[in-house]
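Overview (structure and organization)
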Amino acid sequence: MVVFSGDLDKLLAGFIIANGAAAMELPVTMFFTFWGINALRKEGPVTVQVPKTTKEKMFGWMMPRGPKALKLSQMNMGGLGTRMIKTEMSKKNVMALPSLIETARAQGVRLIACTMSMDLMGIRKEELLDGIEFGGVGSFVSSADSSRSTLFI
Amino acid sequence: MVVFSGDLDKLLAGFIIANGAAAMELPVTMFFTFWGINALRKEGPVTVQVPKTTKEKMFGWMMPRGPKALKLSQMNMGGLGTRMIKTEMSKKNVMALPSLIETARAQGVRLIACTMSMDLMGIRKEELLDGIEFGGVGSFVSSADSSRSTLFI
Amino acid sequence: MVVFSGDLDKLLAGFIIANGAAAMELPVTMFFTFWGINALRKEGPVTVQVPKTTKEKMFGWMMPRGPKALKLSQMNMGGLGTRMIKTEMSKKNVMALPSLIETARAQGVRLIACTMSMDLMGIRKEELLDGIEFGGVGSFVSSADSSRSTLFI
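This report concerns the structure included in the present document. Computed from a predicted model, the values in this text were never measured in an experiment. (Residues numbered from 1 in each chain as written. Chains lettered and ligands numbered in written order. Predicted model: local features only at pLDDT ≥ 70, side-chain atom pairs only at ≥ 80, totals over all residues. Heavy atoms only, no water.)

**Some thoughts on the packing of helix α3 (residues 80-91) of chain B against helix α2 (residues 54-62) of chain C**
Convention followed: Here an axis means a line fitted to C-alpha atoms, over the contact stretch when the element is a helix, while the angle between two N-to-C directions is reported on a 0 to 180 degree scale. Helix and strand assignments follow DSSP, with helices taken as H or I runs no shorter than four residues and strands as E runs no shorter than two, numbered in order from the N terminus. The labels follow the angle: roughly parallel below 35 degrees, roughly antiparallel above 145, roughly perpendicular from 65 to 115, and oblique for the rest. Crossing chirality is assigned from the near helix's rotation relative to the far helix, an anticlockwise turn below a right angle marking it left-handed and a clockwise turn marking it right-handed. Contact between two residues is taken to exist if any of their heavy atoms lie within 4.5 Å; hydrogens are not considered. Throughout, the ten residues Ala, Val, Leu, Ile, Met, Phe, Trp, Tyr, Cys and Pro are labelled nonpolar, Asp, Glu, Lys and Arg are labelled charged, and all others, Gly among them, are labelled polar.
The interhelical angle for the contact between α3 of chain B and α2 of chain C, taken along N-to-C directions, is 130°, at an axis separation of 12 Å. Looking at the two axes, α3 of chain B sits oblique to α2 of chain C. The element α3 of chain B and its partner α2 of chain C pack so that their crossing is left-handed. Across from M84, I85, T87 and E88 of chain B in α3 of chain B, the residues of α2 of chain C making contact are K55, E56, M58 and F59 of chain C. Considering only residue class, the contact of α3 of chain B with α2 of chain C consists of four nonpolar, one polar and three charged.

**A closer look at the side chain of K10 of chain B**
Summarising the element assignment, K10 of chain B is placed in helix α1 (residues 8-23). Excluding residues within four positions of it along the chain, K10 of chain B makes contact with K10 of chain A, S5 and I153 of chain B together with F4 and K10 of chain C.

**Examining the relation of the copies chain A and chain B**
Using the following cut-off: When the copies are superposed, the least-squares fit draws on C-alpha atoms of residues that have pLDDT of at least 70 in both.
Placing chain A over chain B gives an RMSD of 0.0 Å and needs a rotation angle of 120°, together with 0.0 Å of translation along the axis. Within this description, the copies of the chain are treated as partners about a three-fold rotation axis. Here only 18% of the interface residues in chain A have copies in chain B that are interface residues too; the copies meet through unlike faces.

**Regarding the environment of T82 of chain A**
Residues and elements named next belong to chain A. Heads up, the rule is: Three labels apply to residues, based on accessible area from a 1.4 Å probe with only protein chains included: buried if under 20% of the type maximum, exposed if over 50%, partly exposed otherwise in between. We define a polar contact as two N or O atoms separated by no more than 3.5 Å, with the added condition that, inside protein, one atom must be a possible hydrogen donor and the other a possible acceptor, whereas residues neighbouring each other in sequence contribute only through side-chain atom pairs.
Turning to its location among the elements, T82 is positioned in helix α3 (residues 80-91). You can call T82 buried: its relative accessible area is 6%. Sequence-wise, T82 and A113 are 31 residues apart; in three dimensions their C-alpha atoms are separated by 25 Å. A distance of 3.2 Å separates a polar side-chain atom of T82 from the backbone nitrogen of L72.

What follows is the structure in structure tokens.
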């Protein structure tokens, strides 16, 4: 699964599918690239080892930090739609995105962050969740080549 | 095929591919989730059995009812672009979305609505086209696992 | 791979994956449909053999001509974000989209333009890069059916 998008609704769909497959004991690999990387960021500001350029800092500020900061791709309505969906989810016992991510990790879903995207957007390894793997496009292609199905989200 | 999107252009692409594959006698399953569900809604208002909460009513009003109400993901221009594309489609003998859906059903394409999304958005079974199947993520995963190719649209 | 999108970032992801797979000697076919077609357009205005209708001319003007004219799906900010990403890419030695397309072709990636989309949007064969293939949905389905993995981008 390639996770390109940084939209809350697409990530929910992605993790629900990943967790569903993992629950059926199918091995799942999620490869996070471009905006998808933001879903793996830690919430608070992180002190990075290699100092960021001004541009990298700007990208870092403008992009959402972690799953709680993501928004709907549609009907966001200045955040109102996103809040409404989150309330409905908790009321109807649908797991929120941070819990879905934790469950995925507990179920052994592999989360790989695309190093080229990280380099491009100036995201350092220490800014992402601990225990994430890192890889280039080759790692996605190898994993896709041995998978029964692939999705681009 | 996961149909996540509720954009007219993406649904056209999805159904054209589904119908193309079905015409070549390949079995096709389309799993509708999130905004994709709206493509399966009946046009008029429907009297539902379980009364809706205020929030569910709001979602229902704001989201498009059925294939004719969907819009382009790009160049919609307040509906003008969508109207232009529809005129061009009919002039150039490209099937409109409602006919594509009917053809898909006639060709035996399975249409499954995601029950979790329906629950979340407060969409009741009686609001969707008759004869649609209902299922959770497990039904998608099983079908993906036995498919030669999967798409996330 | 179905390339539906005409967003710069999605096309970068698509071509990076395609080139990665081709470098690992896997055969790759990219099927361009709807907005994706714009990535294959030549840059300048092209004299077409069959004159265009007014509507077709309008579509042609409004849609981007070729890979250099594409924009980010997010954080475009009136073109500023797109320019920033392009500068970062060249600074960090990430190939720009036109070079990625050339590399793909040099590596034998098949690029097929969807004839139905071209017809709908009034794009003529002479407006697209030389040496592109043309095909309908059947050509995608056949190629998907014999592929190990498919993506919808």
